[in-house]
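# Results of the structural survey
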Amino acid sequence: SNVVANTNVLITAQLVDANGIAGLDAGRTVVWNSANGGSFATPTSLTNSNGVATVAFRVATSAGTVHTVTATDNTALSGVSGNITVIPAAASQLVITQQPGAATAGAAFGTQPVLEVQDAFGNLVDDDATQVTAAAVGGTGTFDNPPRPNTALASIPGARSGLYVAVLPDSVVP
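A quick note: this is a predicted structure, and the numbers were derived from the prediction, not measured.

### Observations regarding the overall build of the protein
If you tally the helices and strands in the protein, you get 0 helices and 15 strands. Counting across all 174 residues of the protein, residues that qualify as buried make up 28%. Of the roughly 9,600 Å² that the protein leaves accessible, carbon and sulfur atoms contribute 54%.

### Remarks on the pattern of salt bridges
Side chains carrying opposite charge are able to pair once their charged atoms draw close together. By the definition in use, this model includes 2 salt bridges. For Asp25, the salt bridge goes to Arg28, with nearest N and O atoms at 2.6 Å. Taking the shortest distance from any N to any O, the salt bridge between Asp73 and Arg28 comes out at 2.7 Å. One end of the pair, Asp73, is in strand β8 (residues 69-73); the other, Arg28, is in the loop between β2 (8-14) and β3 (29-34), and 45 residues separate them in sequence. In this structure, a network of salt bridges that share partners links the residues Asp25, Arg28 and Asp73.

### Here's the deal with the nonpolar core
Residues Ile11, Trp32, Phe40, Phe57, Val59, Val69 and Ile84 are the most contacted members of the largest nonpolar core, which totals 16 residues. A per-element tally of this core places strand β6 (residues 52-58) first, with 3 residues.

### Details of the sheet that holds β6
The strand order β2-β6-β4 describes an open sheet built from 3 strands, whose pairing is antiparallel. In this open sheet, the two strands that pair with only one neighbour each are β2 and β4 (39-40).

### Focus on the packing of aromatic side chains
Each pair of aromatic rings is reported with the distance of its centres and the angle of its planes. For the structure on display, the rule yields 2 aromatic pairs. Ring pairing ties together the aromatic residues Trp32, Phe40 and Phe57, which thus form one cluster.

### Observations concerning the sheet that holds strand β7 (residues 66-67)
Across the sheet, 3 strands lie side by side as β1-β10-β7; this open sheet has mixed pairing. Looking at which strands have only one partner, the edges of the open sheet turn out to be β1 (2-4) and β7. With 3 bridges connecting them, β1 and strand β10 (residues 84-87) associate as parallel partners. In the strand pairing of β10, Asn2 is matched with Thr85.

### Some thoughts on the side chain of Gln118
Counting through the fold element by element, Gln118 comes out in strand β12 (residues 114-118). On the basis of relative accessibility, which here comes to 10%, the residue Gln118 falls in the buried class. Within the local environment of Gln118, its side chain forms a polar contact with the side chain of Glu116, the two groups lying 3.0 Å apart. Residues in contact with Gln118, not counting those within four places in the same chain, are Ala90, Ala91, Ser92, Gln93, Val95, Thr97, Asn123 and Val125.

Thresholds applied
- Residues numbered from 1 in each chain as written.
- Predicted model: local features only at pLDDT ≥ 70, side-chain atom pairs only at ≥ 80, totals over all residues.
- Heavy atoms only, no water.
- Helix = DSSP H or I, 4+ residues; strand = E, 2+ residues; numbered from the N terminus.
- Buried < 20%, exposed > 50% of the residue type's maximum accessible area, 1.4 Å probe, protein only.
- Areas by Shrake-Rupley, 256 points an atom, 1.4 Å probe, with all protein chains shown as cover.
- Salt bridge = Lys/Arg side-chain N within 4 Å of Asp/Glu carboxyl O.
- Core = buried A, V, L, I, M, F, W, Y, C linked by side-chain atoms within 4.5 Å.
- Pairing = 2+ DSSP bridges.
- Phe/Tyr/Trp six-rings, centres within 6.5 Å; stacked < 30°, edge-to-face > 60°.
- Polar contact = N/O pair within 3.5 Å; in protein donor to acceptor, adjacent residues only side chain to side chain.
- Contact = heavy atoms within 4.5 Å.

In structure tokens form, the structure reads like this:
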């Protein structure tokens, strides 16, 4: 299942016998382990009268991380969860990942700026609805051909969802 970065998910383990029938064995200690990080509210928990143990598990902050959780009781019975995949949190910042450069008077920047919409943990957010507006600050330069707001990403060469290339065809003229 997909879980938002740095959030808790409740993990439940049910004791079953060799025939897959739920065991009603209370008080067994279950030890929790995870692959690829994350953290548990507590490293162990006890089964209830229905043979069920639960624990809160906080997933990693890095989108794309895939966790699996293993529950092992005090008799060495164990089970492994399905994949828990971390997805980005809500968009919270716009980050310039490539600064414009190689400016020549009267010509477009040789290196165009690249912006990413990211969550609070630096994960790229798939957010096609974000509108990015560019403006010249300071200096005497002007936009010969301003960037197009809400340009479909498919029309920007090399762009992927969540990655915005500030397309300034004639760019800022110094």
